[in-house]
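Architecture at a glance
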Amino acid sequence: MSAAVVSVNAGILLPVLAPAVGAAVVLVTDVAVQHLRRAHYVIALASLLVGALATFAGLGMVSGTARRTLCLPGSGRCMYVADSVGSTLQLAALLAAVLTLLLSWPDDKKQPRGGTAVIVSLVLAATAGATAVAGARDLGSWLVALELATLPTVALVALRGARSAISGAIALLTTALVSFGLLALSAALWFTATGSGFLTPEAALAAFHDPGRRPILVLAVVVVIAGIGFKLSLVPFHAWTPEAYDGAPLSIAAFLAGVSKIAALAALLVVIRAVAPLGASPLAAIGIVSAVSMTLGNIMALRQNGVVRLLAWSTVAQAGWVVLPLAAVSSGAVHASGTYLLAYVLATLLIFAVVAALVQIRGAARARDLGEYRGLLADHPVLAGALGLGLLSLAGLPPGFLGLVAKVAALRPVVTSELWLLAVIAAVNAVLGVAVYLRWLLTVISTPDAAAQASLPTVPGGAAPVSAQAVRAHPATLVAVGLTAVALVLTSLSPQMLLGLLGG
Amino acid sequence: MVALLIGALVIPAVTGTALIVSGRVSRPVSEVNANTVSLVTSVVTAALVIATVIARPVLNQPWLTSLGVRLHFEVDGISAPLLILTAALSVAVVVHARSRPPHGASPSTFYGCLHLVELGALATFLARDAVVFYVAFEVVLIPMWVLIARYGDSRDLAARADASGRFVLYTVLGSTLMLIGILALVQASGTADMNALAVLHGARIERHTQIIIAALLLVGMGIKVPVWPLHTWLPPAHTIAPTAGSVMLAAILLKMGTYGIVRLVIAPLPIGFGALAPAFAVVGVIGIIWGGLACLVENDLKRLIAYSSVAHMGFVVLGLSSGTTVGLQAALFANIAHGVVSALLFFLVGGLKERWGSADLATARAALREVSPRLGIALVVGFAASLGLPGLVGFWGEFLAMYSAWSPAPDRPQGLMRFLVVMAVLGAGVAAAYSLRVLKLIWSGDRTSPAHADAGGGEWSVLAVLVAAVLVLGVAPGLLLNSTFKEAAAITMQVPR
């Protein structure tokens, strides 16, 4: 390889290449051999796991060190940098994609619209986008990767074909287009201000110290926050979230709550790390957006009676918590934000997995209605226990120690920077959040209504409730519940396992 | 030696979790088996706690290295009485539940939750890392919520959901504010080690910052204590909670707030607390009078005792605010005294409520003196201690708190503090009035119907032991005052006399 050419290290790029190649292989296989279904999933799982293994080299690295590739000759600047935070987010995205696939595993009866190959390759493509954006350090690949992580989700939501799915997909598509417009604008502003195609602190600092270019740079950062705010479901860019979650199949809603959020935060962190040396001024917007997101998300979640919509509003509130530490100019802010995101994703995926299992056992109507969770602990103690752990983790209360530690980590940079008002707003929202999740949990641990019990014998055919009990969840769904539950229990017993991944 | 300490935490954690899980995955555990397992656990835990208090081992291990949090547990004179109180009352609630079993859901979950509450309280009193203290503080929350929400008074389900929700939400608001205060304190002083924080005495923190942090911590922990006007969660929680829940709540969980104020506000932030102490004393005394007046007209006996708790904790607040060693000792003594007395009263009243079917004082009942002399004598001792009769445990804490506030530390406004003492004396008078009112309504008289059974078995042994504790600590307060003297003197920086 000559010195004039960009260096390429495929090993470092493997977390991106593996899902991308996997998507291509799935499509080629579908053309070569038709009517395959499970094979697509097996190929996809294999590629995701290969990618996940490839991230291990980057986990837990000391701050300041990173694995770099796609470096420009001479300048030492690299277009792809995987440090410990980036690698951890890549790992999380790949594993969250595995969960999505497990939840959408085809059963024997129904052929999903579009066939499994389309679904699987779309999931893999979006995942490749998510892992790519975590490493991207130049404007072009950052922008393309972020859109690659977003656009397939529109198709995934729409594929179900139901009216609600189409309206959800349209909401998502409109948002994605506006968001892309903003991000493209911010990229242009960034380039105008810094004259550099790289998202690096050096470029930002040079522009910041020039009074003529500083306003453009600040504007670029604010527009980036707005553009990514759409993807993270931050208020006031959140409106698509309940529509899309509710319209999409559960597995895809889990994908939106998991992989999409990881991609969005990874993209935001790339920019934040570039502008962090500038100090507070461009980041003040994050504090406001964070406070409003938490408050509105929690209040709306309190009013929901459908669990998927509740989870959608909970995402809005949790997104506020995820970006909360970034409002502070502090060395620990990026880690804190990553920690909170991982805790949120793990707990939310567990809840989605439990809801998916209940959809298979009790039917979609019952599993999506909050009132129908009354007495779940008596009927399905294991699923109810897993659900309870997920809810308590989101609420940040023991035994969900992971959520508790994440709350501590997220508040610490805010307190360190003496943003007292923001800290108190966060405290009030911790209370609102607890109210949201305990409302659900109280339903789960309550005894079934006396009235509902009395009405059971009047069901025509008498035996209906018994036969409903006999339906089992799909093994892949149960595996998904088991894996996430075990991961959440282990990280709750020893939160350092997860904190350590993000490095020191 | 460290094994004792680890055992005292691990055993309730493991048995508590096992009891909760066991009833779900296999066939339900019977009431008697659950109680037996629970009794063995609490007795073993109590033995380990006592051994820990005697041997004073130290555990200090890194835990969350990225956040600089260490698993640091140890015992000193301030925490030792609280640890023993927690362990002893955990045995007592299990023994009591043997003759008065829980209602609502599976008994094994009930006992499991009790052990998790015990675990959280023990860990809170043992913790010496400020962040671990916060984590332990939160451990009690969900088990206590389950106890209220699932095993509480089931006559009014909406009231039950409201009471349990109010308990959790108030406490979470308090503990999150406390967390913010703790993080700020750790940031400002550069250490999370509570021993180091106490030694520093706020040396590295400016007055302005000290006041902000102390205010956050006082409001946060004031909700737990509870300090007027943040007490409104307490009466409904006590009214609804099952007997064991009320006992744990009043006798142990409220103490976590005052203990935290001593460790995290008074010791590390002397200037900040000094600035806020007059206001803190004022709300404490308002609590004394407010609680007393509420008790005069309250007709639900459990709610009445809850309001009397607000009044008693007001004396603790007054003692803490005085800034003297005597005041701090008085507060720590009153803390334990209230633990013993409120446990006795809640055991009694919980038992009476089950016998009567309600805790309404307006309904005419058989006089306890006539139909159940054991319950009667325990009630007399309990209320006598509650009104602060000399020779009983309630006297010393309240008397010394007023004594210390009369001649407070030099930087406190003496005139205001003396005025507050006068008001507190009035509050003590109100306490005598409501105590005698209750005794008149349910103890004296000569009605003998509707008759109910007297206490026996586990219930009577628990009541008898608590009555004995009220008498012994009342006659020999030195047992407790000597334990806290050295540490209290170190915190107020006064030369031991």
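Computed from a prediction, not measured in an experiment: that's the story for all the values here.

Counting its regular elements, chain B contains 20 helices and two strands. Relative to the globule expectation of 23 Å for 497 residues, the C-alpha radius of gyration of chain B, 21 Å, shows essentially globular dimensions. Oriented by its inertia axes, the alpha-carbon framework of chain B measures out at about 65 × 55 × 40 Å. The buried share among the 497 residues of chain B stands at 64%. Across chain B, contacts joining residues at least 24 apart in sequence account for 81% of those joining residues at least 6 apart.

Moving on, we come to the overall build of chain A. The secondary structure content of chain A amounts to 22 helices and two strands. For the C-alpha atoms alone, the extent of chain A along its principal axes is close to 80 × 60 × 40 Å. Long-range contacts, defined as pairs at least 24 residues apart, comprise 79% of the intrachain contacts of chain A with a sequence gap of at least 6.

Under the 1.5 Å per step criterion, the end-to-end length of helix α4 (residues 107–126) of chain B is 29 Å for 20 residues, consistent within 8% with the ideal 28 Å. By the criterion of burial, α4(B) is predominantly enclosed, with 20 of the 20 residues buried.

Turning our eyes to something else, we now look at the confidence of the model for chain B. For chain B, per-residue confidence averages 89 on the pLDDT scale, and 98% of positions sit at 70 or higher. The complex model carries a pTM of 0.92, and its ipTM stands at 0.90.

Further remarks concern the interface of chain B and chain A. Taken together, the contact between chain B and chain A spans 31 residues of the former and 32 residues of the latter. Of all the secondary-structure elements, those providing two or more residues to the side of chain B that touches chain A are α1 (2–25), β1 (59–64), α5 (130–139), α6 (141–151) and α7 (157–189) of chain B. Here the side of chain B that touches chain A gets 13 residues from one element, more than from any other, and that element is α7(B). The class makeup of the residues in the side of chain B that touches chain A is 23 nonpolar, five polar and three charged.

Moving on to the pairing of strand β2 (residues 78–82) of chain A. All names here are of chain A. Counting buried positions over the five residues of β2 gives five, a clear majority of the element. In the sheet, strand β1 (residues 67–71) pairs with β2 via four bridges, with the strands oriented antiparallel. In the strand pairing of β2, threonine 69 is matched with tyrosine 80. Between β1 and the antiparallel strand that follows it, β2, lie six residues; glycine 74 among them carries a positive phi value of about 85 degrees.

A cis amide bond links A:Val235 to the next residue, A:Pro236, at an omega of 5 degrees. Of note, A:Pro236 is situated in the loop between α8 (214–232) and α9 (240–247). Cis geometry marks the peptide bond from B:Val225 to B:Pro226, where omega comes out at -5 degrees. At A:Ser233, a position not held by glycine, the phi torsion is positive, near 65 degrees. With respect to the helices, strands and loops of the structure, A:Ser233 is situated in the loop between α8 and α9. Take A:Ser233: there are 31 C-beta atoms within 10 Å of it, and that puts it in the buried class. Unusually for a residue other than glycine, B:Arg56 sits at a positive phi of about 50 degrees. Here B:Arg56 shows up in the loop between α2 (31–55) and β1. Taking the number of C-beta atoms within 10 Å as the measure of exposure, B:Arg56 has 14 and is therefore partly exposed.

So, on to the pairing of strand β2 (residues 69–73) of chain B. Put simply, side chains in a regular strand alternate between the two faces of the sheet. All names here are of chain B. Judged from the five bridges that link them, β1 and β2 form a sheet pairing that is antiparallel. In the strand pairing of β2, glutamine 61 is matched with leucine 71. Taking the residues between adjacent antiparallel strands as the criterion, β1 and β2 are bridged by four residues, where glycine 68 takes a positive phi near 70 degrees.

It is worth spelling out helix α11 (residues 284–302) of chain A at this point. Residues and elements named next belong to chain A. Its 19 residues place the ends of α11 28 Å apart at the C-alpha level, agreeing with the 27 Å of an ideal helix rising 1.5 Å per residue. For α11, every residue scored as buried is listed here: Ile286, Gly287, Val289, Ser290, Ala291, Ser293, Met294, Gly297, Asn298, Met300 and Ala301. Against the buried residues of α11 lie α8, α12 (307–323) and α18 (420–445).

Further remarks concern the packing of helix α1 (residues 10–32) of chain A against helix α2 (residues 38–55) of chain A. Residue and element names in this part refer to chain A. Packing of α1 against α2 brings their axes to within 7 Å, and their N-to-C directions diverge by 175 degrees. When the axis of α1 is compared with that of α2, the two are roughly antiparallel. Here Gly11, Leu14, Pro15, Ala18, Pro19, Val21, Gly22, Val25, Val26, Thr29 and Asp30 of α1 come into contact with α2, specifically with Ala39, His40, Ile43, Ala44, Ser47, Leu48, Val50, Gly51, Ala54 and Thr55. Each residue belonging to the contact of α1 with α2 can be placed in one class, and the counts come to 13 nonpolar, seven polar and one charged.

Here we take up the environment of A:Trp313. Residue and element names in this part refer to chain A. Within the element layout of this structure, tryptophan 313 appears in helix α12. Through-space distance from the C-alpha of tryptophan 313 to that of leucine 296 is 8.3 Å; in sequence the pair is 17 residues apart. Apart from residues no more than four positions distant in its own chain, tryptophan 313 is found in contact with Pro242, Gly297, Met300, Ala301 and Gln304.

Turning our attention to the confidence of the model for chain A. When pLDDT is averaged along chain A, the result is 87; 93% of the residues meet or exceed 70. Per-residue pLDDT stays below 50 along residues 454–468 of chain A; that stretch engages in five contacts with residues further than four places along the chain or on separate chains.

What follows deals with the nonpolar core. Note on soluble globular proteins: their nonpolar side chains tend to be buried together. Core analysis: the biggest nonpolar cluster contains 409 residues, and A:Val133, A:Ile262, B:Leu344 and B:Val470 have the highest contact counts within it. The leading source of residues in this core is helix α13 (residues 333–362) of chain A, at 22 residues. The residues contacting A:Ile262, other than those within four sequence positions of it, are A:Leu89, A:Ala92, A:Ala93, A:Ala96, A:Ala130, A:Leu341 and A:Val345.

The rules behind each value
- Residues numbered from 1 in each chain as written.
- Chains lettered and ligands numbered in written order.
- Predicted model: local features only at pLDDT ≥ 70, side-chain atom pairs only at ≥ 80, totals over all residues.
- Helix = DSSP H or I, 4+ residues; strand = E, 2+ residues; numbered from the N terminus.
- Rg over C-alpha atoms; globule rule 2.2 N^0.38 Å.
- Buried ≥ 20, exposed ≤ 12 C-beta atoms within 10 Å, placed from the backbone.
- Contact = placed C-beta atoms within 7 Å.
- Expected span 1.5 Å × (residues − 1).
- pLDDT = per-residue confidence, 0-100.
- Nonpolar A, V, L, I, M, F, W, Y, C, P; charged D, E, K, R; others polar.
- Pairing = 2+ DSSP bridges.
- Axes fitted to C-alpha atoms, helices over the stretch in contact; angles between N-to-C directions.
- Parallel < 35°, antiparallel > 145°, perpendicular 65-115°, else oblique.
- Core = buried A, V, L, I, M, F, W, Y, C linked by C-beta atoms within 7 Å.

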